[in-house]
Amino acid sequence: MGTADGQYNTALQREIEIIEGILESKVQYRKIVKAGIAQWVKDLQAGNIKMQTVQDLDRLIELDIKLQKDEL
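Because the structure is predicted, anything quoted here is derived from the model rather than measured.

Q: I tried to follow the pattern of salt bridges on my own but got confused; where do I start?
A: Opposite charge on two side chains lets them pair, provided their charged atoms get close. Under the defined criterion, the tally for this structure stands at two salt bridges. Arg14 serves as the salt-bridge partner of Glu17, at 3.6 Å between the closest nitrogen and oxygen. With Glu17 and Arg14 both in helix α1 (residues 3-45) and three residues apart, the pair spans about one turn of that helix. Ionic pairing is found between Arg30 and Asp64, a salt bridge with its closest N-O pair at 2.7 Å. Of this pair, Arg30 sits in helix α1 while Asp64 sits in helix α2 (residues 55-71), and the two are 34 residues apart along the sequence. Exposure remark for Arg30: the relative accessible area of 14% places this residue in the buried category.

Q: Where do I start with α1 in this structure?
A: Within an α-helix, residues lying three or four positions from one another point in the same direction, as the helix has 3.6 residues per turn. Taking 1.5 Å per residue, 43 residues should reach 63 Å; α1 reaches 63 Å between its end C-alpha atoms and fits that length. Among the residues of α1, those classed as buried are Lys26, Arg30, Val33 and Trp40. Where α1 ends, the next residue or the one after it, Gly47, has phi of about 85°, a positive value.

What counts, and at which threshold
- Residues numbered from 1 in each chain as written.
- Predicted model: local features only at pLDDT ≥ 70, side-chain atom pairs only at ≥ 80, totals over all residues.
- Heavy atoms only, no water.
- Salt bridge = Lys/Arg side-chain N within 4 Å of Asp/Glu carboxyl O.
- Helix = DSSP H or I, 4+ residues; strand = E, 2+ residues; numbered from the N terminus.
- Buried < 20%, exposed > 50% of the residue type's maximum accessible area, 1.4 Å probe, protein only.
- Expected span 1.5 Å × (residues − 1).

The structure is reproduced here in structure tokens:
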């Protein structure tokens, strides 16, 4: 294997590691978003949130949808 092939393989391996790291981060972000949505719903059911203040839930849902789209 020539030097160019070795450099290509090293660069390709590094790119794969970066992509794997990004995908793992997205999995963790989705867990956080889901927990945030669940907590928001609990707070709403407990009467701690008024229906006028749905902006946080809207942002969480938008983020969850964006993360799901990125998985496709």
